[in-house]
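Tertiary structure, described
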Amino acid sequence: MNTLPVIVAVTGASGAPYAQRLLQCLADEGVPAHVVASAAGRLVYRLETGRNLKEDLPNGIPLYGEEEFSAPIASGSFRTRGMVVVPCTMGTLAAIANGLANNLIHRAADVCLKERRPLIVVPRETPLSLVHLKNMVALTEAGGLVLPPAPGFYHQPRRVEDLVDFIVGRILDHLDLPQQLVPSWQGLST
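Residues numbered from 1 in each chain as written. Predicted model: local features only at pLDDT ≥ 70, side-chain atom pairs only at ≥ 80, totals over all residues. Heavy atoms only, no water.

1. Observations concerning the sheet that holds strand E4 (residues 82-88)
Taken in spatial order, the 6 strands line up as E3-E2-E1-E4-E5-E6 in an open sheet, and their pairing is parallel. The sheet terminates laterally at strand E3 (63-65) and strand E6 (145-146), the two strands that pair on one side only. Of the strand pairs in this sheet, E4 and strand E5 (residues 119-123) are connected by 4 bridges, and their pairing is parallel. Residue pairing across strands places Val 85 opposite Val 121, the latter belonging to E5. Lying over the sheet, helix H1 (residues 16-28) contacts strand E1 (6-10), strand E2 (33-37) and E4, oriented at roughly 150° with respect to E4. Its contacts with the sheet put helix H6 (residues 160-174) on E4, E5 and E6, and the angle it makes with E5 is roughly 165°. (Pairing = 2+ DSSP bridges. Helix = DSSP H or I, 4+ residues; strand = E, 2+ residues; numbered from the N terminus. Contact = heavy atoms within 4.5 Å. Axes fitted to C-alpha atoms, helices over the stretch in contact; angles between N-to-C directions.)

Next comes the structure, spelled out in structure tokens:
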């Protein structure tokens, strides 16, 4: 297994269960993570999961605040597999898409783009304004991947957790990591 860590950023959008499940799956696969969270991200995480983010981190997984610019993930010389911003606020998406590095989340994302490493953002907002859409286009043109938390239903979900697993499975697929959460589409049997 590749031991390069995945950066997981948690911002203040709704969708903390996606981050919670992603962190669990990375730990289960032995993939190290570096986690950075905004103050709003920590708050929403606690409100939506009933737990503090720090409680859900395996031993040895660092958790940085958004102001910690001296963290290793702020530099391109610190090699990673890539970064996932989950959930991603539209403000964070806008900052990343426009090359702003006002905090560690933005800077780590900027590093991934400049180093040509995978950057996946999971924005949670609806409906989308034209500004949101233009920022998503700009991020995509810069090399990022916009992965909205819009699950499919061909896997016959029965619980909310099945819907979360669908999105987390897609994130893992795009990081080229193994996942058993959702089977790939095999077509219709005739």
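We are not done yet, so read on.
2. Details of the layout of surface pockets
What the largest pocket holds in volume is close to 200 Å³. If you trace the largest pocket, you find it lined by Pro 17, Gln 20, Arg 21, Gln 24, Glu 48, Asp 56, Val 160, Glu 161, Val 164 and Asp 165. When contributions to the lining of the largest pocket are tallied by element, the ones reaching two or more residues are H1 and H6. Split by residue class, the lining of the largest pocket holds 3 nonpolar, 2 polar and 5 charged. (1 Å grid on protein atoms, 1.4 Å probe; cavity = no way out; pocket = protein on both sides within 12 Å on 5 of 7 lines; lining within 4 Å. Points joined across faces, edges and corners; volume = space filled by probe spheres on them. Nonpolar A, V, L, I, M, F, W, Y, C, P; charged D, E, K, R; others polar.)

3. Digging into H6
With 15 residues, H6 should reach 21 Å at 1.5 Å per residue; the first-to-last C-alpha distance of 22 Å fits that figure. Buried within H6 we find Asp 162, Val 164, Asp 165, Phe 166, Ile 167, Val 168, Gly 169, Ile 171 and Leu 172. Of the residues flanking the end of H6, it is Asp 176, one or two places downstream, whose phi is positive at about 60°. (Expected span 1.5 Å × (residues − 1). Buried < 20%, exposed > 50% of the residue type's maximum accessible area, 1.4 Å probe, protein only.)

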